[in-house]
Amino acid sequence: MKSKMNKIVLFLTFMLSTSSCSLMLDDVYEGNAYNSPIFSENYYCHWDGQLKNNVTSIQNYKLQDSIDQVFETYSENTFERDSGLSYSDDNPLGVDDPNLYGKAYGETRKMSRIDDSFRYGYLSKLFDGQMFCNGRYQLARVQLNEEGFGHMFDKEVKDFNKGGKSYFAMNFKAAVDYTNEEKESYPHFSSIEMRVSFYTKNTDNTLNQIKTSYTIKNIPTNYGESHSEGCYRFYGFALDGLNLSRLCGISIEFELIEDELHDEYGLDYSIMVYEMMIPFTTWY
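As the structure is a prediction and not an experimental result, all values here were calculated from the model. (Residues numbered from 1 in each chain as written. Predicted model: local features only at pLDDT ≥ 70, side-chain atom pairs only at ≥ 80, totals over all residues. Heavy atoms only, no water.)

Caption draft 1: Examining the nonpolar core more closely. Phe168, Met194, Phe198, Tyr235, Phe237 and Ile252 are the most contacted members of the largest nonpolar core, which totals 70 residues. Elements represented by at least two residues in this core include exactly strand E2 (142–144), strand E4 (157–160), strand E5 (167–176), strand E6 (188–201), strand E7 (207–221), strand E8 (233–238), strand E9 (247–259) and strand E10 (269–277). Those residues in contact with isoleucine 252 that lie beyond four places of it in its chain are Leu144, Gly148, Phe149, Phe168, Met170, Met194, Arg195, Val196 and Met276. Formed by six residues, the second largest nonpolar core is a distinct cluster that contains Trp47, Met152, Tyr199 and Leu207. (Core = buried A, V, L, I, M, F, W, Y, C linked by side-chain atoms within 4.5 Å. Buried < 20%, exposed > 50% of the residue type's maximum accessible area, 1.4 Å probe, protein only. Helix = DSSP H or I, 4+ residues; strand = E, 2+ residues; numbered from the N terminus. Contact = heavy atoms within 4.5 Å.)

Quick look at the structure:
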């Protein structure tokens, strides 16, 4: 009997320790938890099953610069032109800092400030306001290959800002495998076609996929760390031209167009996403 009780206690302890990590079952991952010294082991390629199996319609939407207000740097982001928020100021640990509200862009616009549901799971690092690496490497970013990832939100969008302020944005950098011992990487430029898809829910719980695409050229790749547009790309666009009623999921994919170190030496390529947001939204 005592042995049986010990087993129960151990099981409950395990369950409590697992839940304390704020991970839902779909977010449990194995191995080095994408924090490996081996570059290729850090690719996050998880797709929620509904985004693979429950989509009944796909709309392809090629973004246009002027119509969709596409931006590739923070200084080009017309939505924040008069906000007075600083792109370079950052919270180095990705924890709440009210002193930065109204000052630092990431801390002010982060999704976890809009709704608590964005605070949990592996992808919470994309919603915590930490825009840059700050020496935290894999702990601060989500590393993607061309397969990308697909994520169902815990809630749906209830409302977008009626004044046309709602937009999508992501802060990322690019790199080829800098751990390769046979070929040393160096700063260069690369080009990709970025594909961001939004998923909306129908009354029968099937999903619609709105797949946006846009070519991003001359991306700084394997550049040193700095809180600047010379190291990171801040990419985004307006949401006015998209029907995103009952938005409930998102996926990020890309197609590599050109990278000299990948093309010539086969070095693994990635984009490293540090923050992702859809400001001026409410969720339920």
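Caption draft 2: Examining the state of the cysteines more closely. The final tally for this structure, using the stated rule, is zero disulfides. In this model cysteine 231 remains outside any disulfide bridge; the closest cysteine sulfur is found in cysteine 133, 8.8 Å from its own. (Disulfide = S-S within 2.5 Å.)

Caption draft 3: Here's a closer look at the side chain of glutamine 138. Relative to the elements of secondary structure, glutamine 138 occurs in the loop between helix H5 (111–114) and E2. At 3.1 Å, the side chain of glutamine 138 and the side chain of asparagine 35 are in polar contact. The contacts of glutamine 138, once residues within four sequence positions are left out, are Tyr34, Asn35, Ser36, Asn42, Lys125 and Tyr178. (Polar contact = N/O pair within 3.5 Å; in protein donor to acceptor, adjacent residues only side chain to side chain.)

Caption draft 4: Expanded view of the packing of aromatic side chains. Applying the stated rule across the entire model yields 30 aromatic pairs. Of the aromatic side chains, those joined through ring pairs into one cluster are Phe71, Tyr74, Phe79, Tyr87, Tyr105, Phe132, Tyr167, Tyr232, Phe234, Tyr274 and Phe280. Residue placement shows lysine 52 over the ring face of tryptophan 47; its charged tip is 4.2 Å from the ring centre. Positioned over the ring face of tyrosine 101 is arginine 113, at 3.7 Å from the centre of the ring. (Phe/Tyr/Trp six-rings, centres within 6.5 Å; stacked < 30°, edge-to-face > 60°. Lys NZ or Arg CZ within 6 Å of the ring centre and 35° of its normal.)

Caption draft 5: Molecular detail of the confidence of the model for the protein. Averaged over all residues, the pLDDT of the protein equals 89, while 87% of them reach at least 70. In the model, residues 1–31 has pLDDT below 50 throughout and makes 11 contacts with residues more than four positions away in sequence or in other chains. (pLDDT = per-residue confidence, 0-100.)

Caption draft 6: Here's a closer look at a negative patch on the surface. There is a patch of like negative charges on the surface, built from Glu258, Glu260, Asp263 and Glu264. Top contributing element to the negative patch by residue count: helix H6 (residues 260–265), with three residues. As for its position among the elements, glutamate 264 is in helix H6. Residue classification places glutamate 264 among the exposed positions, given a relative accessible area of 57%. (Patch = residues over 30% accessible without salt bridge, like charges linked within 9 Å, V, L, I, M, F, W, Y side chains within 5 Å. Areas by Shrake-Rupley, 256 points an atom, 1.4 Å probe, with all protein chains shown as cover. Salt bridge = Lys/Arg side-chain N within 4 Å of Asp/Glu carboxyl O. Lys, Arg positive; Asp, Glu negative; His and termini not counted. Charge placed at Lys NZ, Arg CZ, Asp CG, Glu CD.)

Caption draft 7: Representation of unusual backbone geometry in the model. Positive phi is not limited to glycine here, since asparagine 134 has a value of about 55°. Within the element layout of this structure, asparagine 134 appears in the loop between H5 and E2.

Caption draft 8: Quick peek at the environment of glutamate 156. Mapped onto the fold, glutamate 156 is located in the loop between strand E3 (149–152) and E4. A relative accessible area of 10% means that glutamate 156 is categorised as buried. Separated by 127 residues in the primary sequence, glutamate 156 and tryptophan 283 have C-alpha atoms spaced 5.5 Å apart. Excluding residues that lie within four positions of it along the chain, glutamate 156 makes contacts with Lys201, Arg246, Leu247, Cys248, Thr282, Trp283 and Tyr284.

Caption draft 9: The environment of glutamate 260, seen in detail. Looking at where glutamate 260 falls in the secondary structure, it is placed in helix H6. Considering only alpha carbons, one finds glutamate 260 and valine 176, 84 residues apart in sequence, at a separation of 9.9 Å. Once you skip the residues sitting within four places of it in the chain, glutamate 260 turns out to touch Tyr186, His188 and Tyr265. Within the structure, glutamate 260 has its side chain in polar contact with the side chain of tyrosine 186 (distance 2.6 Å).

Caption draft 10: Quick peek at the pairing of E6. Most of E6 sits inside the fold, with 12 of its 14 residues counted as buried. In this structure, E6 lies alongside E7, joined through 13 bridges in antiparallel fashion. From the neighbouring strand, serine 190 faces E7, where its bridge partner is isoleucine 219. In terms of strand pairing, E6 meets E9 through 11 bridges, oriented antiparallel. Among the inter-strand pairings, threonine 200 is bridged to a residue of E9, identified as leucine 247. (Pairing = 2+ DSSP bridges.)

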